[in-house]
Every structure is written in structure tokens, then in C-alpha cells.
Amino acid sequence: MTSTPQKIRSGAAFPFDNSYVGLPERFFAPQTPTPVAEPWLIKLNEPLAAELGLDVEALRRDGAAIFSGNLVPEGAEPLAMAYAGHQFGGFSPQLGDGRAILLGEVVDRDGKRFDIQLKGAGPTPFSRRGDGRAAIGPVLREYIISEAMFALGIPATRALAAVTTGEPVYREKVLPGAVFTRVAASHIRVGTFQYFAARGDTDGVRALADYVIERHYPALKETEAPYLRLFEAVSERQAALIARWLHVGFIHGVMNTDNMTISGETIDFGPCAFMDAYNPATVFSSIDQHGRYAYANQPAIGQWNLARLGETLLPLIDTEPDKAVDKANAVIRAYGERFQAHWLAGMRAKIGLAGQEDGDLELVQALLSLMQAQGADFTLAFRRLSDLAGNDDAEPAFARSFQEPEACRPWLMQWRERLSRDPQTSVERAGAMRRVNPAFIPRNHRVEQAIEAAVENGDFSLFEALLTVLSKPYEDQPDFAAYMEPPKPEERVLQTFCGT
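Residues numbered from 1 in each chain as written. Predicted model: local features only at pLDDT ≥ 70, side-chain atom pairs only at ≥ 80, totals over all residues. Heavy atoms only, no water.

Here, UniProt's "binding site: Mg(2+)" (unreviewed entry) annotation points to N259 and D268. From the list above, the largest cavity is lined by N259. Within the fold, N259 resides in the loop between strand 13 (250-251) and strand 14 (273-274). In this structure N259 touches R189, H252, V254, I267 and D268, once residues within four positions along its chain are discounted. At a separation of 2.9 Å, a polar atom in the side chain of N259 contacts the main-chain carbonyl oxygen of V254. By secondary structure assignment, the location of D268 is in the loop between strand 13 and strand 14. (UniProt positions renumbered as here; feature names shortened; annotations may be inferred. 1 Å grid on protein atoms, 1.4 Å probe; cavity = no way out; pocket = protein on both sides within 12 Å on 5 of 7 lines; lining within 4 Å. Helix = DSSP H or I, 4+ residues; strand = E, 2+ residues; numbered from the N terminus. Contact = heavy atoms within 4.5 Å. Polar contact = N/O pair within 3.5 Å; in protein donor to acceptor, adjacent residues only side chain to side chain.)

Okay, here's the thing in C-alpha cells:
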């Protein structure tokens, strides 16, 4: 094992074009990855690498060394980002990248800028006595979930690579070590703004806001009130994002302010999970003892997090404090309407409504209440409803989604009556519904099976199979029909863990 990473001098693998490193020194800490003993490449996301303009051949050859931190590509300027955050409601003024190192940024073929970050690459000045490492389980989970979210069409960070390190990590038990390579539009969070605001560093908040506008919201540069417009834009993206989470039954599990990106991407897939049976109170995270981040609480938590962002921006929004508060509060209040509009539009699509009527919300809520009372699987019920929209013969399969099949008949009568006033044909409606109601999600028991096979036996075949299935979530895939099914009682996974 080398004591310091080697440098790749060819420069071919990554066409770095770094910008965050140009911000003031207090924004980050330069940090070189800590080399590992025997890196081995589990998975390289070759399509993503090609989209990013990376040298795929070089990554096939040197990927294990690069993605473990043993080789630092030419042009990389590795650093650990500083940020703060509210964690389960309590404020920590300094968090930062404790086990993540930003190698640098690349601009893809469409001119979009992305971060390349190693997660689990060793300690940083922000590690808070941690080892800066990751175990293989959380690495595989993040790879699976982030790529599933991408295939579902939900904004999320992406998985570029996963490697094993040949070294153990010590948690509740000794586990194989691994490093995850994450791609993000950026890693700037609400907590990044909080870091500077907590220090009374208004110049830092302004510099960060200007950087965010330039990178993510360039159209705002010429507006009359760019910082207020920035707050509005972030609020809009978060409202749309969280609505999309609810549409597929996703529960983030740890919606701290340091886990809310300014770009509007889903980030950090530690204790996250997808619901099986519909229940709005569902919680999976082992550390969420009071259900703060339960499925149905996510919209309100999004609003709470945005209020914390608004607090940091007050000095930039208006020089008069009272006016700044009024303007920020207006944005926070508007978030509720933004979210409701996105959520209801998505739910209309899920039950096949092309138009809008006043009673649509009640029709949606009636179905959800029925699903909860009857223990219906969230994903399968909507998928079978999609089938029913195009073929009346599919009604028995939909009815079997409920513990008492006859219980769905009154709702189906209301639904069909409502559909009679919509302009779509049954074929058009069924096709549209199948494009928004997935057949496949990363079910918890399947994810855990893949992780267990890898940890216990070094077997990545289930991991690969799951990635294949989840890459086409809206297609039927008869060969993988078993992956549609919810867990049997003995297969249920009731808790997920963050893995730090």
C-alpha cells in the first residue's frame, strides 16, 4: 500500500474544469484521498462516463486505482467542502465532507457542469473523529437507488463507479470497505449557506449565492432581485422534487438541511427506502425514532428546510430586515401551493386523468385511503390500474391488490364515471399511465439480498441483475416478473441504516 496517491499524468481520463476551488479558502479544505490496500472495481457506469466525456478505456484500465483514491487524475484539485446543517431539527454549525472528497468538475457533452466526488476515500478535516471510510453495503445501496431514481426520471445524483478497498471498516461489526464515486450537478446544500450565515459571514453567503446563480440559475443574473429570485427558484425545484418522491413511494429518511441540494437533486441514499404497502406514516430510517421524516411529512419538512435557507439569504434579499422577512415569508408560504400543484398533477396522471376537474383531489384521496385501509401495495396497485385503464379484463388483478377485492368496486365506479369526461382513448390513457406508474422499484428486500450476497460471499450477480431490472422501470420485463412482487412477510425489511 502506498502512503500517498500517485498522479496520472496523461490527463486523458478526466477533462477537469474546476470552479468551486476558485472560491475563498474558507469554503473548503484541500484534501488528498487516502490510498487503500487492494482496490477492485465492482462497477463502472460506462454510459454515464461517456456522457461526461470521460475516457472509458482509461477508466476500464485504471478505474480501480482512480476510484479508490490511489491515483489522482491530472487536473484534479481534491477538496472537502465546508457546510453546516440542521440534523433532526438540531443545528450543527460545522459538518462538512467527513468522508467525501471532491476530485473536481467536468463539463459534459451538453455543456452541463458536474462534480466528481469520491465517497469513503478517507478522513478529512471535517471527519469529527470518524474514519472517513465507507462499507460495501451503503456503497451498493447508493449505487442502486441513485441509478433507479435516474431511470424513474427523478432528479438525483448519479453513480459513476464503486470499488472495494481490500481493507476492513469497523462499525457494529467488521465489514469490507468500499468507495463510491458520485456525480452531481453540484454538492452545494442548504447547509452550505448555513455554514457562513452561522458565522455572520454575509460576504461568504453572497459569494456562495453568486456562485450558485452563475452555475445553476444563470437566467437570474439579470433580474432586479436576483437573491429573492434564487430563493423562489430553489423552492420551486424542491416542491417539484418532493412531489415526485411521493408519486413513487420514496422515503428519503434523513431530510436534514445538509441533505437538501440547491440544484434540486435528490442526494444521500443512506436510510432511504420505497414503500411496499401504502401507509403515509411509513418510516424506515433506524435513527428517525419519532417519524420526523416519515413519507407524508416530507413536503412539510421541505418547507421547513427552505425556511432555514431563507434565513441565510435575508441580508441579501433586502437591506431593511422587516422587508426581507416579509419577502422571504411570501416565498415560504407559496411553497405549499407549488407542492400541491405538482403533487396533484402527478396523481392525476397516475390515475389516468388528462383534464382537470374540481373533484379530482377527492378522487385521488379516496383511492389512497382505500389502499391504506386495505393494505394495497403502492407500486403494484397503480401499475395494475394502468393495465385496467386499457383492458377491462385486468380488473380482477387490480382488485386482488386489496385484502378484500370487492372493496375497490365503489371507487372504480367513480373513477370510470370521471374518465368518461376525459378526451383520451383507453389505449392513449393506458400508455400514459404506464409511463408514470413503474412496474419495478428498488424494493428493500431485493436491495438487501444483493448487499448480503456481496458482503457475505463476494457475489455481485444480484446487484447486477437489480441494476438491469431497474434501468427500465416502466417496461414489463417478463423475464424479471418476480422483481415486481412485494416481499413475503419473512422478507420484509423494516429498518434501513445510514452506514456512517
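Moving on to the packing of helix 14 (residues 444-457) against helix 15 (residues 461-470). Where helix 14 contacts helix 15, the axes come no closer than 7 Å and their chain directions differ by 145°. On helix 15, the residues touching R446, V447, Q449, A450 and A453 of helix 14 are L462, F463 and L466. Classifying every residue of the contact of helix 14 with helix 15 gives six nonpolar, one polar and one charged. (Axes fitted to C-alpha atoms, helices over the stretch in contact; angles between N-to-C directions. Nonpolar A, V, L, I, M, F, W, Y, C, P; charged D, E, K, R; others polar.)

Right, let's talk about the UniProt feature "active site" (unreviewed entry) in the chain for a bit. According to UniProt, the feature "active site" (unreviewed entry) maps to D258 in the numbering used here. Relative to the helices and strands, D258 is located in the loop between strand 13 and strand 14. Taking the relative accessible area as the measure of exposure, D258 reaches 6% and is therefore buried. Discounting chain neighbours no more than four positions away, the residues touching D258 are Y83, A84, G85, H86, Q87, L95, R189 and G191. (Buried < 20%, exposed > 50% of the residue type's maximum accessible area, 1.4 Å probe, protein only.)

You can see A121 is positioned in the loop between strand 9 (113-119) and strand 10 (134-135). Those residues in contact with A121, other than ones at most four positions away along the chain, are P33, T34, R99, I101, G132, R133 and V179.

The biggest cluster of nonpolar side chains holds 128 residues, and the ones touching the most others in it are Y20, F193, M371, L385 and W415. At 12 residues, the largest contribution of residues to this core is made by helix 6 (residues 226-247). Taken together, domain 1 (20-187) and domain 2 (191-349) each give at least three residues to this core, which thus spans both. In this structure Y20 touches F27, F28, L79, M81, E105, I188, T192, L208 and Y211, once residues within four positions along its chain are discounted. Ranked by size, the runner-up nonpolar core spans 29 residues in total, among them L59, V72, I101 and V106. (Core = buried A, V, L, I, M, F, W, Y, C linked by side-chain atoms within 4.5 Å. Domains from an automatic or database assignment.)

A few words on the pattern of salt bridges. Taken as a whole and assessed by the stated rule, the structure comprises 38 salt bridges. A salt bridge links R113 to E105, with the shortest nitrogen-to-oxygen separation between them at 2.9 Å. Given a relative accessible area of 24%, R113 falls into the partly exposed group. For R409, the salt bridge identified is with E406, shortest N-O distance 3.3 Å. Residue R409 is classed as partly exposed on the basis of its relative accessible area of 25%. E406 gets classed as exposed once you look at its relative accessible area, which sits at 55%. Ionic contacts of the salt-bridge type, sharing partners, join the residues R348, E357, D360, E417, R418, R421 and D422 into one network. (Salt bridge = Lys/Arg side-chain N within 4 Å of Asp/Glu carboxyl O.)

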